[in-house]
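Residues per chain are reported as follows:
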Amino acid sequence: MALWDRVWQTGKSMVVGHAITMREMLHKPVTVRYPEEKPPFERGSRSVPVLKVNEESGRLNCVSCGLCERACPPSCIEITQAMDEKGRKKPWPETFQLDLSHCMVCNLCVEACPFDALEMADVVELGSYQVQDLILQKGQLAEIWKTSRALRVAGGERL
Amino acid sequence: MEAQGGAPAVVERDGRRLMKINMGPQHPSTHGVLRLIVTLDGEVVVGVEPDIGFLHRNFEKIVEGWSYPGIVPFSDRNDYLGAITNEVAVCLAIERLAQIEVPPRAVYLRVLFCELQRILSHILFYGTFGLDLGAFSPFMYAFREREWGYTLMEKATGARMLYAYNRIGGLRNDLPDEWFADLEKFLVFMERQAWPEYMGLLIENEIFRERTIGVGKLTPEQAIAWGASGPVLRSTGVAWDLRKAAPYLGYERFEFDVPVGKNGDTYDSAMVRMLEIKESIRIIRQVLKMLPDGPVLARVRPNLRPRAGEYYSRVESPRGEVGVYLVSDGSARPYRLKWRAPSFCHLQLVPAMGGGGKVADLIAAVGSLDVIMGEVDR
Amino acid sequence: MAGGKDATPDATGRGAAAGGNSVPMARPADSGSAGPTVAAGGQDAAVAPELPTPELETLRQVIARRLSHLEPDGATVGLPAFRVVRERLLETARQWRDAPEIGLEYLSCLSGVDYRDHIDVVYHVFSVAHPGRGAVLKVAAQKTGTAGPWLPSVTAVWPGAEWHEREVFDLLGVRFTDHPDLRRILLPEGFSGGYPLRRDFSDERVQRERKVRQR
Ligand code: SF4
Ligand code: SF4
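Residues numbered from 1 in each chain as written. Chains lettered and ligands numbered in written order. Predicted model: local features only at pLDDT ≥ 70, side-chain atom pairs only at ≥ 80, totals over all residues. Heavy atoms only, no water.

**Considerations on the environment of B:Ile224**
Its location among the elements puts B:Ile224 in helix 8 (residues 220-225). As for B:Ile224 and B:Val238, which are separated by 14 residues in sequence, their C-alpha atoms are 9.0 Å apart. Each residue touching B:Ile224, except ones within four places of it in the same chain, is listed here: B:Leu233, B:Val238, C:Glu105, C:Tyr106 and C:Val128. (Helix = DSSP H or I, 4+ residues; strand = E, 2+ residues; numbered from the N terminus. Contact = heavy atoms within 4.5 Å.)

In structure tokens form, the structure reads like this:
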């Protein structure tokens, strides 16, 4: 009795299981062979904060106000303000460093920036073998922004 | 602790030769860096002792030096498969102390995302639990839907796992209309195709039933005494769900059932999770019907200072009860924030569940607890 | 409610320069001498914490009536809170669990909070049989004395407290007497840098050099 029940159950499980896998065989594969093929980057996805460059002037939008520095929870942004020879403040950053090894991609700095100078990039392959290489300077950040924008213009506007 | 790498330690006890071996910290079936020190008599488990702390980063100390808005994205890292529920738990605590009114649309969307998160987490549980028991195909099926769900999440929140989507006072951004259409497609697929496939491939499979029924049994008394919650507690037959017992986010407005098990074994706990997927789909459907219009983020001072006081907020995460005990001294940083992680409490049950069985049953027991080491070690 | 807090040893000057990784906090002018648990003088003074449901209000009255040795504690929002002396902790825990009209059998959370001169251990307990019930029990472990802060363990009442107490022992250095297995749990074995969750902890270990300055 119990034995027959178990035989019946086992047989049924095998038939059901095979039927499901057979049916799935007829479908297109859903996997993407990653390094060769890249899955689409979704609109509104974010990777790291980068500095925007003004289209007309070719300079950074950033005026070095330091609000993003203060908003960043793990304090991975460091800005020093530009000064001219007389010691007057200039509205752009002398240095702008972003420590990617600490950044948690939370978007808080972008939200804090009142000058639309920061944006989340669409570039994800930023890994490196050295931690030091993960500390990005303002030039590098602007470069990443340009690559990312080129990708995005091809792929549509972001959210 | 004798079993410190190298040859397994052999101990003599009552004339039996017992062996102490390490399972983990790097072991495919321990779900992260969990180390189990297992005492074996042949293949029978005589004693288990979980050893944790490999992922410890002292979340609670770090946030004492942070201002409130940063805590919300950081809390994602605790239970990284239930990130939204973590964020909601912290936000509820902070909003209660700071007396911030969350706009109704944001509340409904939070419910939606909590439930979507629950579905995704349970799908992964299904896949990895099958993998623990040696069934590989279900894992691939689980990842098919999981990818889809994570893409949905990515479209909405901008990230695939660690969303940083909740803000104090609401949500980061509203959603476009197409997103809801995509979500509906996903739900229909889950209901019509994926869920029956899951049942046929694994849960109703005779081998799976043999491996799990009667394994890792818990009694309701044990579960309550040891602080179990979520599906683990419900699998013992206790209908305890914070969404019903202590409704937050207005869960009392929605109609859903709390699935419970009977025997408290690993089969029941898997079954409870499978049924919860259906209930979550039901809740999401109701949210979509009731979703009001309006803003999703209340205006909050950037330099938020909740009033002095303490609040304990509890949220039903996919794994159980997440609690946030927030002590504020009226300044811009929390005085103390304690994270109550369900997996932390569940791991205490491993000796009770795995002792006396075979090694393979121990793996089933640990797998059925669905522990996330990120929140155990914090 | 607010009066009960006078029993709390005051936590004078605790927000300033707290912990290794935080900076002196700007503080509201009136709270310089009062910790968060002390409402006197603050805007919440003399307001009994309003409990969200009548069931919690009943529970508060039942506990206050039956167990007169408990001091009400006013800092907690949303749950009835009481403070007990260390000597009567175990007895109180038993009563909370076993008395049918209290019946709090589910220990949800056990946390330690450092208040510089003492450590508060806070028990958040709820009831599974009566979902609307829940309460907070606080007990202070004084840092004075040769043995350091210690408390009786409640594992005999709520077995689930075992790991929570180990965690408090590990991170805050409160010893729990009669605990079945009081060892480190989260920190590595042999860690000797003090107790991380105490306010005066500073991390003396060698840090990876950070280019970006820390606030
Ligand atoms: S994304 Fe978050 S962690 Fe990263 S730099 Fe911006 S604020 Fe800091
Ligand atoms: S907030 Fe914007 S403008 Fe101000 S320093 Fe940061 S990036 Fe520059």
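Having seen the model, we can carry on.
**What to know about unusual backbone geometry**
Residue and element names in this part refer to chain A. The phi torsion at Ser75 lies on the positive side, around 45°, for a residue other than glycine. Within the secondary structure layout, Ser75 lies in the loop between helix 2 (67-71) and strand 2 (77-83). Of note, the phi angle at Asn107 is positive, near 80°, even though the residue is not glycine. By secondary structure assignment, the location of Asn107 is in the loop between strand 3 (89-99) and helix 3 (108-112). Given the relative accessible area of 7%, Asn107 is considered buried. (Buried < 20%, exposed > 50% of the residue type's maximum accessible area, 1.4 Å probe, protein only.)

**Regarding the confidence of the model for chain A**
Residues and elements named next belong to chain A. Of all residues in chain A, 92% attain a pLDDT of 70 or more, and the chain-wide mean is 80. Across chain A, element-level confidence peaks in helix 1 (residues 2-25) with a mean pLDDT of 86 and bottoms out in helix 4 (residues 138-155) with 74. For residues 155-159, every residue scores under 50 in pLDDT, and the model assigns this stretch 13 contacts once sequence neighbours within four places are set aside. (pLDDT = per-residue confidence, 0-100.)

**Details of the environment of C:Asp120**
All names here are of chain C. With respect to the element layout, Asp120 can be found in strand 5 (residues 118-126). Sequence separation between Asp120 and Glu162 is 42 residues, and the spatial gap between their C-alpha atoms is 17 Å. Setting aside residues no more than four positions away along its own chain, Asp120 makes contact with Arg83, Ser111, Gly112, Val113, Tyr115, Lys138, Val139 and Ala140. A distance of 3.4 Å separates polar atoms of two side chains, one belonging to Asp120 and the other to His118. (Polar contact = N/O pair within 3.5 Å; in protein donor to acceptor, adjacent residues only side chain to side chain.)

**Points about the site of ligand 2**
Residue and element names in this part refer to chain A. Looking at ligand 2, there are 13 residues lining it, with Cys62, Cys65, Gly66, Cys68 and Cys113 nearest. Given that more than half its atoms are within 2 Å of the pocket grid, ligand 2 belongs to the largest cavity. A breakdown of the residues in the shell around ligand 2 according to their chemical character gives eleven nonpolar, two polar and no charged. (Near = heavy atom within 4 Å. 1 Å grid on protein atoms, 1.4 Å probe; cavity = no way out; pocket = protein on both sides within 12 Å on 5 of 7 lines; lining within 4 Å. Sits in = over half its atoms within 2 Å of the grid points. Nonpolar A, V, L, I, M, F, W, Y, C, P; charged D, E, K, R; others polar.)

**A short note on empty space enclosed by the protein**
Residue and element names in this part refer to chain A. Scanning the entire structure with this criterion turns up five cavities of 30 Å³ or more. Considering only enclosed or pocket space, the largest cavity measures out at about 80 Å³ in volume. Around the largest cavity, the lining comprises 15 residues; the ones closest to its centre are Cys62, Cys65, Cys68, Cys113 and Ala117. A class-by-class count of the residues in the lining of the largest cavity yields 13 nonpolar, two polar and no charged. In this model, the second largest cavity occupies a volume close to 70 Å³. Along the walls of the second largest cavity sit 14 residues, with Cys72, Cys76, Cys103, Cys106 and Cys109 positioned nearest its centre. Considered class by class, the residues forming the lining of the second largest cavity number 13 nonpolar, one polar and no charged. (Points joined across faces, edges and corners; volume = space filled by probe spheres on them.)

**Quick notes on the packing of aromatic side chains**
Throughout the structure, instances matching the rule amount to 24 aromatic pairs over all chains. Ring centres of B:Tyr248 and B:Tyr251 lie 5.1 Å apart, and the angle between their planes is 70°; on these two criteria the pair is classed as edge-to-face. Ring plane angle 85° and centroid distance 6.2 Å describe the contact between C:Phe82 and C:Trp96, whose orientation is recorded as edge-to-face. Of this pair, C:Phe82 sits in strand 3 (residues 81-84) while C:Trp96 sits in helix 2 (residues 89-98); the two residues are 14 residues apart in sequence, bridging distant segments of the chain. Residue classification places C:Phe82 among the buried positions, given a relative accessible area of 2%. Each residue in the set B:Tyr108, B:Tyr248, B:Tyr251, B:Phe254 and B:Phe256 is aromatic and connected to the rest through ring pairs, giving one cluster. The ring of B:Tyr251 has B:Arg243 sitting right over it, with the charged end atom 5.9 Å from the ring centre. The lysine or arginine in question, C:Arg199, covers the ring of B:Tyr335, its NZ or CZ lying 4.1 Å from the ring centre. (Phe/Tyr/Trp six-rings, centres within 6.5 Å; stacked < 30°, edge-to-face > 60°. Lys NZ or Arg CZ within 6 Å of the ring centre and 35° of its normal.)

**Focus on helix 3 (residues 161-172) of chain C**
All names here are of chain C. Taking 1.5 Å as the rise per residue, helix 3 with twelve residues should run 16 Å; its terminal C-alpha atoms sit 15 Å apart, in good agreement. For helix 3, the buried fraction is high: eleven of the twelve residues fall into the buried class. Along helix 3, the positions that sit buried rather than exposed are Ala161, Glu162, Trp163, His164, Glu165, Arg166, Glu167, Val168, Asp170, Leu171 and Leu172. One or two steps after helix 3, the chain reaches Gly173, where phi turns positive at roughly 75°. (Expected span 1.5 Å × (residues − 1).)

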